[in-house]
Amino acid sequence: MSFYISISMIEASLWGFNRDEYYHKGKNSGPGYRYWNKEHTKLEWVQQEDFEKEYSVKLESNQTITDSDVANFIVATQCWKVNAKTLVVEAELINGSLLSETYSCPSSRDLDEEEAKRICMREIYEKVKFLLAFLLQCAKLEQRFRGENEKE
């Protein structure tokens, strides 16, 4: 048996308690998301908690990765000195992954901690932006592939 990864992007909107009663009468209650099914033939509804577990990356646009997208993907950062000349910055991402960057200088008197943190965070930011852009392009390819197969 082989394993495959599918990366998809969907358009969805969060609905509150009152205006979405039509979409989830019965056992479903509380806020949820309304979205088109994969075939794009009918609107579906899922509870907010379940939706946000499955689709943890919310983007501002389906065309590009924005500064906000990157900032929202980084949930926590921490910083520590390894020694008098070296600083490490670690960022926890929304999916639980950790990215770290290290800054070192020739002499302990040359280490400006604030500048080192800024440099490390800029590098982490660029890595996250690159990774999100890659995912966005994969999702676009998956949508295009699905669209071409539906024509046949």
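Residues numbered from 1 in each chain as written. Predicted model: local features only at pLDDT ≥ 70, side-chain atom pairs only at ≥ 80, totals over all residues. Heavy atoms only, no water.

### Notes on the overall build of the protein
Alright, step 1. Looking only at helices and strands, the protein has 3 helices and 6 strands in total.
Alright, step 2. Start at the N end of the protein and walk to the C end: the helices and strands fall as β-β-β-α-α-β-β-β-α.
Alright, step 3. When each of the 152 residues of the protein is scored for burial, the buried share is 27%.
Alright, step 4. For the protein, the exposed area adds up to about 11000 Å²; of that, 50% sits on carbon and sulfur atoms. (Helix = DSSP H or I, 4+ residues; strand = E, 2+ residues; numbered from the N terminus. Buried < 20%, exposed > 50% of the residue type's maximum accessible area, 1.4 Å probe, protein only. Areas by Shrake-Rupley, 256 points an atom, 1.4 Å probe, with all protein chains shown as cover.)

### Side note on the pattern of salt bridges
Alright, step 1. A full pass over the atoms with the stated rule returns 4 salt bridges.
Alright, step 2. Residues E113 and K81 are paired through a salt bridge, measuring 3.6 Å at the closest nitrogen-oxygen approach. A residue pair is termed long-range when its members are at least 10 positions apart, and E113 in helix α3 (residues 113–151) and K81 in strand β4 (residues 74–83) qualify at 32 residues. (Salt bridge = Lys/Arg side-chain N within 4 Å of Asp/Glu carboxyl O.)

### Some remarks on the environment of E52
Alright, step 1. Tracing the backbone shows E52 in helix α1 (residues 48–54).
Alright, step 2. Under the relative-accessibility criterion, E52 is labelled partly exposed at 36%.

### What about the sheet that holds strand β2 (residues 32–36)?
Strand-to-strand pairing in sheets goes through backbone hydrogen bonds, with the strands running parallel or antiparallel.
Alright, step 1. Here 3 strands make up an open sheet; going across it, the order is β1-β2-β3 and the pairing antiparallel. Edge positions in the open sheet fall to β1 (12–15) and β3 (43–47), since each of these has one partner strand only. Taken over all neighbouring pairs, the strand axes of this sheet differ in orientation by 30° on average, direction set aside.
Alright, step 2. Of the pairings in the sheet, the one linking β1 to β2 comprises 4 bridges and is antiparallel in character. By the bridge assignment, W15 is partnered in β2 with G32. (Pairing = 2+ DSSP bridges. Axes fitted to C-alpha atoms, helices over the stretch in contact; angles between N-to-C directions.)

### Comments concerning the nonpolar core
Alright, step 1. Of all hydrophobic cores here, the largest spans 20 residues; its most connected members are V70, I74, L93, I124, V128 and L132.
Alright, step 2. Within the residue set of this core, elements represented by two or more residues are α2 (67–73), β5 (86–93) and α3.
Alright, step 3. At 8 residues, α3 tops the list of elements feeding residues into this core. (Core = buried A, V, L, I, M, F, W, Y, C linked by side-chain atoms within 4.5 Å.)

### Focus on the confidence of the model for the protein
Alright, step 1. Mean pLDDT over the protein works out to 81, with 78% of the residues at or above the 70 mark.
Alright, step 2. When pLDDT is averaged over each helix and strand of the protein, the minimum, 79, is found for α1 and the maximum, 97, for strand β6 (residues 98–104). (pLDDT = per-residue confidence, 0-100.)

### Here we look at a nonpolar patch on the surface
Alright, step 1. On the surface, a nonpolar cluster with roughly 210 Å² of combined accessible area is contributed by V57, V75 and I94.
Alright, step 2. Here V57 shows up in the loop between α1 and α2. (Patch = residues over 30% accessible without salt bridge, like charges linked within 9 Å, V, L, I, M, F, W, Y side chains within 5 Å.)

### As for the sheet that holds β5
Alright, step 1. Ordered in space as β4-β5-β6, the 3 strands form an open sheet in which the pairing is antiparallel. In this open sheet, the two strands that pair with only one neighbour each are β4 and β6. Ignoring strand direction, the axes of neighbouring strands in this sheet form an average angle of 15°.
Alright, step 2. With 8 bridges joining them, β4 and β5 adopt antiparallel strand pairing. Its bridge partner lying in β5, T77 is registered against A91.

### Structural notes on the environment of A91
Alright, step 1. Tracing the backbone shows A91 in strand β5.
Alright, step 2. A91 sits in the buried class, given a relative accessible area of 0%.
Alright, step 3. The spatial distance from the C-alpha of A91 to the C-alpha of I74 is 6.5 Å, given a sequence separation of 17 residues.

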